[in-house]
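Structural overview for review
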Amino acid sequence: MDEITHQRCPEIVPAGLQPMLSHLNTVHNVCGSEKIPVECKWAVLRSGYKSACGMTSQRRNMPRHIAKHLGLRWSCKLCGKNFARPDLLRHHERKDH
């Protein structure tokens, strides 16, 4: 969410860590070491008002966090179980199948 206009970003970003980090860097000025803490500015509805999410994580983990806001899910092709992150799906596949 833009701090001044309170609008969502209209850009479409290709899937993947590098495209998202590049987008955060060039469009939202979130740059520096992948380990620096950054605050999520995603617009969320709280008590009827839009505000920034505010969750803080390392810059390299922000794309994974944004995937939660987008409601992205990964499904196991063998059993149909859904996961919030692709690494959790891979772990499930190795452990359970």
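To start, this report covers the structure provided alongside it. Quantities reported herein were computed from a predicted structural model and do not represent experimental measurements.

**Description of helix α2 (residues 62-70)**
Every buried residue belonging to α2 is among M62, P63, H65, I66 and A67, and all of these are buried. As for α2, its buried residues are in contact with α1 (17-28), β1 (37-39), β4 (56-58) and β5 (74-75).

**Regarding the environment of E34**
Mapping E34 onto the fold places it in the loop between α1 and β1. Using a relative accessible area of 34% as the deciding quantity, one classes E34 as partly exposed. Remark: the alpha-carbon pair of E34 and L78, spanning 44 residues in sequence, is separated by 34 Å. Filtering out sequence-adjacent residues up to four positions away, E34 remains in contact with Q18, L21, Q58, R59 and R60.

**Details of the nonpolar core**
Among the nonpolar cores identified, the biggest contains 8 residues, and these are M20, L24, V38, C40, V44, C53, M62 and I66. Contributing elements (two or more residues each) for this core: α1 and α2. Apart from residues no more than four positions distant in its own chain, V44 is found in contact with Y49, K50, S51, A52, C53 and H69.

**Some points on the environment of C9**
Looking at where C9 falls in the secondary structure, it is placed in the segment before α1. By relative accessible area, C9 is classed as partly exposed at 31%. For the pair C9 and H28, spaced 19 residues apart in the sequence, the C-alpha separation amounts to 9.1 Å. When sequence neighbours within four positions are dropped, the list of residues in contact with C9 reads H23, V27 and H28.

Parameters at a glance
Residues numbered from 1 in each chain as written. Predicted model: local features only at pLDDT ≥ 70, side-chain atom pairs only at ≥ 80, totals over all residues. Heavy atoms only, no water. Buried < 20%, exposed > 50% of the residue type's maximum accessible area, 1.4 Å probe, protein only. Helix = DSSP H or I, 4+ residues; strand = E, 2+ residues; numbered from the N terminus. Contact = heavy atoms within 4.5 Å. Core = buried A, V, L, I, M, F, W, Y, C linked by side-chain atoms within 4.5 Å.

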